[in-house]
Amino acid sequence: MAGTTADKLNYLSSTKDVLKSGLIDIGCPVVESTTFREMAQMVGDGISKGNFTDNNAVLVDTGRLADFTNALTIKGMCYGAGYWVAIANDSSSRVYCIYSTNITGPWTLRMIASDAIDVYGLTYAGGYFWSGAESAVSHNSVCIIRFTVSQMTSGQWSGFTHSGYSYYDVASDGTNAVGVGFSTIHSCSAWFYTSGPNRTEYYGSGVTKQLIKVCVYKGRPVCITSDGYYTTFASMTPTGVPALSQIASGFTSKCIAVMGDYLVVAGTKSDGTYICYTNSSPGNSMSWTAKKIMPDMVTPLALAYADGQCVLAYQTNSGICFASAKTVTEEWITTVAPAKGLDGCTSGIVESGNSLIGIAAGRSDGCRAGEVIKSYGLIASGGWGDISDLY
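Here's what I pulled together on the structure shown here. (Residues numbered from 1 in each chain as written. Predicted model: local features only at pLDDT ≥ 70, side-chain atom pairs only at ≥ 80, totals over all residues. Heavy atoms only, no water.)

## Some remarks on the sheet that holds strand E16 (residues 229–232)
Judged by pairing direction, the sheet is antiparallel, and its four strands sit side by side in the order E14-E15-E16-E17 without closing on themselves. Single-partner strands in this sheet number two, and they are strand E14 (213–217) and strand E17 (245–246). Where E16 lies against E17, two bridges are found, and the strand directions are antiparallel. Following the sheet pairing, Tyr230 is matched in E17 by Ser245. (Pairing = 2+ DSSP bridges. Helix = DSSP H or I, 4+ residues; strand = E, 2+ residues; numbered from the N terminus.)

Take a look at the structure:
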């Protein structure tokens, strides 16, 4: 570049101003003291952006949360009683909670069960956190665990045993929780519902498919199987045997969530990754629309909805990525690159106003076993506001 030293310095300064303005436009907290090198690092390390109009974007911030003796696998997340809570197993299937009263931390790790209990999902209802468990004689036949805030913070839990009954997901309407799974004793689907500290269990005689996920849609629990079927219970205290109906032919379903007016299931077909969505009234004759959102077959991990934006976290061979859209019916845009350092995502993402939070365990580079990583997926309409506290 020709010119005096002063010309070159002015050119660099104007380039820095352009870069700063661009970063601010997509929500990066750039301050006056941020150096040129730091801004370049922001571009290359940790930004994943969907190119929406009206300055909408998805930003992923990852960083170390804590180091633990054993690697943890996050099995569920929810918000209840003023706490963000993730439930996890270590390599010996002992149960831990990671919790905070603030989405940005600080976070506390607490073992709540030294027994081997494989847990699945987490929800809050009736003054208790609830999680399903895989019943096994070697694991004391525990199929449901529950705990209050007081129990969690003091490293305690309570629950129920039922040999041959396993529950793989839970959901609630704030008053009652519902869990779904399978009974090996009866070779059919199984479920439970709660009332305060109590639970009631049922099994669906003749319904031989395992229920893997559940969410509450328009006041009724809707469950899915792994091979593209669904069922809808009549109420939050279901007793009748569910009837299964197909979502879409050739569809492998992975996760389910309510997104605005729509009920959405993410999964795969032989030609790519799909979402299937409906706004029908809950029932066993709902009308579903299948929409391919990417040509690659990836592993959908979690769906979430906040501030009028839809987000899907999914696993690739390179790590965890995100796809997002303004509405489920519009084009879904995938992030530019995997979220750095994330490998083995949370089984859920939780909404907080216009923000989403997930916690994942492990690192894509395989180092520092037992390190737990936090991941914020922040959604905004027309601008970010102040998110500098996340950095």
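## As for the nonpolar core
Ile275, Leu303, Leu312, Val328 and Trp332 are the most contacted members of the largest nonpolar core, which totals 19 residues. Among the secondary structure elements, those contributing two or more residues to this core are strand E18 (252–259), strand E19 (262–269), strand E20 (272–278), strand E21 (289–294), strand E23 (309–316) and strand E24 (319–325). When residues no more than four places from it in sequence are discounted, the contact partners of Leu312 are Cys255, Ala266, Ile293, Pro300, Leu301, Ala302, Leu303, Cys321, Phe322, Ala323 and Trp332. Among the nonpolar cores identified, the runner-up in size contains 18 residues, and Phe129, Val142, Ile145 and Met152 belong to it. (Core = buried A, V, L, I, M, F, W, Y, C linked by side-chain atoms within 4.5 Å. Buried < 20%, exposed > 50% of the residue type's maximum accessible area, 1.4 Å probe, protein only. Contact = heavy atoms within 4.5 Å.)

## As for the environment of Lys269
Looking at the secondary structure, you find Lys269 in strand E19. The spacing of Lys269 and Ser253 is 16 residues in sequence and 9.1 Å in space, taken between C-alpha atoms. When residues no more than four places from it in sequence are discounted, the contact partners of Lys269 are Ala248, Ser249, Gly250, Phe251, Tyr274, Ala290 and Met297.

## Considering the pairing of E23
Summarising burial for E23: seven of the eight residues are buried, a large majority. As defined by bridge partners, strand E22 (residues 299–306) adjoins E23 across seven bridges and the pair is classed as antiparallel. Opposite Ala304, over in E23, you have Val311 as the bridge partner.

## Overview of the state of the cysteines
Scanning the model with the defined rule gives zero disulfides in all. The cysteine Cys215 is free of any disulfide, with Cys223 supplying the nearest cysteine sulfur at 8.6 Å. For Cys215, a relative accessible area of 9% puts it in the buried group. (Disulfide = S-S within 2.5 Å.)

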